Every structure is written in structure tokens, then in C-alpha cells.
Protein chains: 2
Amino acid sequence: MLDYGGEPVIVTTDLLVEGIHFDLMYHPLKHLGYKAVIVNLSDICAMNAIPKHITVSIAISNRFSVEAVDELYEGIRIACEAYEVDLVGGDTTSSPRGLTISVTAVGSIAADRITYRSGAKAGDILCVTGDLGAAYLGLQILEREKQVFLAAPDMQPQLTEKKYLVGRQLKPEARLEAVRYFEKSGLLPTAMIDISDGLASDLMHICKASGVGAFIEEAQVPIHDEARMQAIEFQMDPITCALSGGEDYELLFTVDPKDLEKIRFMDSVYIIGEMVPKEDGITLHTSGGQIHPVTAQGWKHF
Amino acid sequence: MLDYGGEPVIVTTDLLVEGIHFDLMYHPLKHLGYKAVIVNLSDICAMNAIPKHITVSIAISNRFSVEAVDELYEGIRIACEAYEVDLVGGDTTSSPRGLTISVTAVGSIAADRITYRSGAKAGDILCVTGDLGAAYLGLQILEREKQVFLAAPDMQPQLTEKKYLVGRQLKPEARLEAVRYFEKSGLLPTAMIDISDGLASDLMHICKASGVGAFIEEAQVPIHDEARMQAIEFQMDPITCALSGGEDYELLFTVDPKDLEKIRFMDSVYIIGEMVPKEDGITLHTSGGQIHPVTAQGWKHF
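Being a predicted model, the structure only gives us computed values, none of them experimental.

### Examining the overall build of chain A
Part 1 of the argument: The number of helices and strands found in chain A is nine helices and 13 strands.
Part 2 of the argument: For chain A, the spread of C-alpha atoms along the principal axes amounts to about 55 × 55 × 30 Å.
Part 3 of the argument: For chain A, with 302 residues in total, the buried portion stands at 50%.
Part 4 of the argument: Partitioning the contacts of chain A with sequence separation of at least 6, the portion at a separation of at least 24 is 85%.

Structure below.
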């Protein structure tokens, strides 16, 4: 939080590197430009702030055409329009190989409404703004189709029936409407983070910063039907995908129980658990009635 | 300039890519970290603003050791301390190959003191805060030593007697003291830019944005003795190095003639020319009494 005399200024920055954060075999440049902006706007939203400006720097090798660069900027422009954010700086430079995108987002919020990871208390309700695991499963589908394509380049990828999952991976959204609802309803989350690493890992960040534990009710974790079916097709456990799969960019937040009514009026929100004293740890209450410790990788079978 | 209710917020961002913007054969990591910060602070200073915060994102391949990353951050830390700037965010991520550094700087200044490239008027005095061409010549020396080393790895580079030039390349400074002097003395430059591309090119930016022309007095352009001698050793024209060599990060600015007295009291400043009507173009008045048009590459012999 930066003090420039007016509203506190929030700055976030993110560097996306080809071969690490994206694969151009299945991340179209327009979507990539869009996503590069969204992940930063999501970071601003996670502090309960409103994103207002971005800068974008791109390093790109000469294997990309002018049209390719235009596609990338088109995605950036669409994201800026959708979220009413102004692109105010940055540049395009050359790179010996590969593509790197650096986005910085700037936003602000009234000082008494900034939300950190550190404010959760035992007894607070744990909420998430949307379904989890889909972006991870979308990535697995894209990765599988890539391998099929590499083995047999004539095969056409079969992605149309996986549209929801692939869309969650390629075109995530920032939950600005949740931040707007919080403001309108006078609801102040006690702690908040956006789910980029996975529910388990990001919940651990809140617990660590707040000095509390938490439990998650497996049955309450929102998982889209397509995600559930796809997980089973991949012989994976749907809850593991929700806990460990990242890049959903939903907001994970805690609220004081007195604000429960305000949560009920939110458009898209799921109550998935509760914060507990630190010594109780972070656990998953399974649908089968068992209790498992949650780890950064997901959860531990005994 | 971003409006967040208080002082205007200025944001600049820069992406440095290995193999394009630096060569690790002669840019030590500590200096590189320092320089990555400085080029952004210089951008903030060029708007007559005071840099206050930076974020740094680094993408680095596994060929770099933990100690190497520490060296890089040490340089960043030293720059932050020297310029009283806080590092408030960013992260380190992996890269499939090479090193990329993205720095964003945030600063502010009273709204009525922001200086753009666009305010110069015919009759304004053209000034620069320090000598030019040295960083470029330093780079040529480093490049020569690299070639010598590649041809005969046992040879030790002979850099000690070229300390000034090499230092100007490896450890540039941002002219924050000039911005502070402007504020203290109540002097408001009519236009300003920092010299990253070279005097000719950056002067053209001011002229284009302001809709004016300019002349430079060759005899008044500050060139360090070592730079002059090195240029001659390389069989280059010293004034060409000053006009075309970039990365000096001196501030190039214009002032109304009524402020001439205030300029005289500045610690380090050189009056090198004057702004003229647009139709008079941008010219170099040589020490020999000739007039040559200035081009982005330097200047044109007839």
C-alpha cells in the first residue's frame, strides 16, 4: 500500500515467461494478452481494491510477426475495456528467443477497506467466489491434445466439448464484481487472496499470515460438473484437483459470522469452511466423515 | 500521470533482456541489478518527479546459482538505499533460458511541477546535467575486451585505466539531485527527457513533442577528457559519440531564458544550445563554424 496523499495506491506486478507460464502451442496470443492482464487485476481485487491502470512490457523474438504482436495487444486491449482499466505505459522490446510479458497493475481503495491475508480470526467463515479445479483440468486437456498433435499432426484437437474447462484455463476472469459487491453492501472481508496456486496452498497463505487454522468441508467445495467428470476420466480425485489445481483466480476470503446475511445476498459465493484456532491446523472434512490434514500439495491420505 | 486523489502518481516500467540489453560477460550481476533500478528512476526524474517505490520481477534460468540471484538483489538493494526508494513487490520466477529483469518505478510530484517532453518553446535554453558519450565508449571498451577474452581466455582485461568510461556504462546514476534543485530553486523546466538513446535522438523527441527545432553548439557539449581520448583511439568523432551514444542517463531539459540565473547556480549543468522555430530544424553548430542537420543517428556530413 503506497501513500501518495490521496487514496492508498496498490501496485502489483507479474512476469509471464514462455515455456514456464504458458505454452504457445495452446495459448493463443490474444488469450495470452488477456490473461496476462487478468492475473494482475485479480491481484489488485484480492486486496479489495479497484484496478485502474496497467503498464505492459513485452520482450519478443523476431520469430513473431507484426500480426502476432497485434493479436497479443488486442487481448490486452479487450481486458482493459472489460475491466475499465487504462493502459498507461510500457513498451515492446526484442528478445533473443521466446516471449516474455510483464504487466504491472495499479489500483486504489479507501484506506479502511484494504484487505490483507492477515486478518482472519478463528470462527470466521471461509468463502470462495466460484468453482475450483477447472482451470487445472483445462490445462491437462490442452497438454494431452498437444501430445496427440505432436504424435500425429494431422489429428484435429477435440476441444469443443471441453469448452468450459479449456475456457477457464485460457480466459480467466478477475472477480471485480465481488469487490464491488463488498463495497456496496458494506461487507469487509477479514482476509482475502486470489486462488492462483490452488485452494490448499492459498488457504495456507491466509492461515500463516493470520496465525489461524481452518477446515474445508469437502461437500461444500464448488466443482463444476464438467470438471468432476473430467477428473474421473483422468482417474483423478475431483477434490484433489480443486485443492491443488491453480489458476482459477477466484477470490478466497474470510468474513466475520455477523456478516453471514450479507454473504447470502452475493451473486456467486460458496461457504466452504471455517477458520479455527491455529493449533487445530488446516484440515479437510471429507464427505465420508473423515478428517485429513491439508498440505500445500492438496491433502494427505493416512 | 495517474490521479489517485492526492499527488499525481507517475509509473514507469522497463524490461531488460539478457542478450539484448545486457551481456553477462561484462555486466556483473550486482551492477546489473543497480542499473535496472536506475534506468527506471531516471525515467521518473525525467518527469521532474521524485521516485518513491519500485517493484522488481526477475525471470532467471537454473544456470544461475542462488548466490548469483543474491548478487542481483544486492545491486537492487544498494540502488534503493542510495535513492531512498522502497522495494514493495515483485517476485523471482524461473526462465527456460537467460535472465530477464522487469522493474516498475512509482513516484510523484506536485501537479503543477510535472514536466513533459512537450513544453519547449523557441528561445528556450537547452541544458544537460552531465557529460555525454562516456557510457557508449565504456560499452565499446567492454565489447573489445570481450572479444579479446574470447580469442585468448588467459588474457586479463585491461580496464583499470578506463575506469571512468566503464563505470558510466556499468553504474549509471539517475539525476535526482537536479530534480531536487529544480524544486528548491523554484525552477520549472519547460520540457525534459533523460538521455537513454543519445542526445540527438532524445532531443528529437523533445522537438517533435514540443513542435520546435533546436541547435546544439558543438563546443558546449560536455565530453569527458577520457571519452574524447577514447573516441580518438577508436577513430571515432567525439561529438558523434556524444550525439549518438546512449545510456548516459543525464537529463536533457529546456528552460525559459528568464530562468538563466537559476541555471547558473546549479551544481552540474551545461548550456548546450537553444530551441528555435520548428522550420529551422534541428542543427549542430560545429566548432569550425559549420551548420549540419542533426539526425536520429547523430548528424549528417554534407
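Now that the structure is up, let's keep going.
### Examining the pairing of strand β7 (residues 191-194) of chain A
Residue and element names in this part refer to chain A.
Part 1 of the argument: Of the two faces of β7, both are covered, the one formed by A191 and I193 as well as the one formed by M192 and D194.
Part 2 of the argument: In this sheet, strand β9 (residues 251-255) lies alongside β7 in antiparallel orientation, the contact comprising four bridges. Bridging from a neighbouring strand, D194 pairs with L251 of β9.

### Section: the relation of the copies chain A and chain B
Part 1 of the argument: When chain A is fitted to chain B, the best match, at an RMSD of 0.0 Å, comes from turning it 180 degrees and sliding it 0.0 Å along the axis. In the structure described here, the two chain copies are related by an operation that fits a two-fold rotation axis. The C-alpha atom lying nearest the rotation axis in chain A is that of G6(A); the distance is 1.8 Å.
Part 2 of the argument: Most of the interface of chain A is mirrored in chain B: 100% of its interface residues are interface residues there too.

### Quick look at helix α2 (residues 66-83) of chain B
Residue and element names in this part refer to chain B.
Part 1 of the argument: The first and last C-alpha atoms of α2 sit 26 Å apart over 18 residues, in line with the 26 Å expected at 1.5 Å per residue.
Part 2 of the argument: The complete set of buried residues in α2 reads L72, G75, I76, A79, C80 and Y83. Viewed along the axis of α2, the buried residues span an arc of 135 degrees, placing them on a single side of the element. More than 90 degrees from the buried face of α2, the exposed residues found are V66, E67 and E81.
Part 3 of the argument: Where the residues of α2 are buried, they touch α1 (29-45), β2 (50-60), β3 (86-89) and α5 (176-185).

### Description of helix α5 (residues 176-185) of chain A
All names here are of chain A.
Part 1 of the argument: Along α5, the residues classified as buried are L176, A178, V179 and F182. With its buried residues spanning 165 degrees around the axis, α5 presents them on a single face. Relative to its buried face, α5 has exposed residues pointing more than 90 degrees away, namely R180 and K184.
Part 2 of the argument: Each element contacted by the buried residues of α5 is listed here: α1 (29-45), β2 (50-60) and β9.

### Examining the nonpolar core
Part 1 of the argument: Core analysis: the largest hydrophobic core is formed by 180 residues, its most contacted members being V37(A), L41(A), L252(A), V37(B), L41(B) and L252(B).
Part 2 of the argument: When sequence neighbours within four positions are dropped, the list of residues in contact with V37(A) reads I54(A), I76(A), A79(A), C80(A) and V103(A).

### Points about the interface of chain A and chain B
Part 1 of the argument: Contacts between chain A and chain B engage 31 residues on the former and 31 residues on the latter.
Part 2 of the argument: Counting only elements with at least two residues in the side of chain A that touches chain B, the list comes to β1 (9-17), β2, β3 (86-89), β4 (92-94) and β5 (99-108) of chain A.
Part 3 of the argument: Split into classes, the residues belonging to the side of chain A that touches chain B amount to 11 nonpolar, 18 polar and two charged.

### Let's talk about the packing of helix α3 (residues 134-151) of chain B against helix α4 (residues 163-170) of chain B
Each packed pair of helices is defined by two parameters, the angle between the axes and the distance between the axes.
Residue and element names in this part refer to chain B.
Part 1 of the argument: Their axes nearest at 7 Å, the elements α3 and α4 cross at an angle of 100 degrees. The angle between α3 and α4 falls in the class roughly perpendicular. Between α3 and α4, the residues in contact are A134, A135, L137, G138, L139, I141 and L142 and Y164, L165, V166, R168 and Q169, respectively.

What counts as what
Residues numbered from 1 in each chain as written. Chains lettered and ligands numbered in written order. Predicted model: local features only at pLDDT ≥ 70, side-chain atom pairs only at ≥ 80, totals over all residues. Helix = DSSP H or I, 4+ residues; strand = E, 2+ residues; numbered from the N terminus. Buried ≥ 20, exposed ≤ 12 C-beta atoms within 10 Å, placed from the backbone. Contact = placed C-beta atoms within 7 Å. Pairing = 2+ DSSP bridges. Least-squares fit on C-alpha atoms with pLDDT ≥ 70 in both. Expected span 1.5 Å × (residues − 1). Arc of directions from axis to C-beta. Core = buried A, V, L, I, M, F, W, Y, C linked by C-beta atoms within 7 Å. Nonpolar A, V, L, I, M, F, W, Y, C, P; charged D, E, K, R; others polar. Axes fitted to C-alpha atoms, helices over the stretch in contact; angles between N-to-C directions. Parallel < 35°, antiparallel > 145°, perpendicular 65-115°, else oblique.

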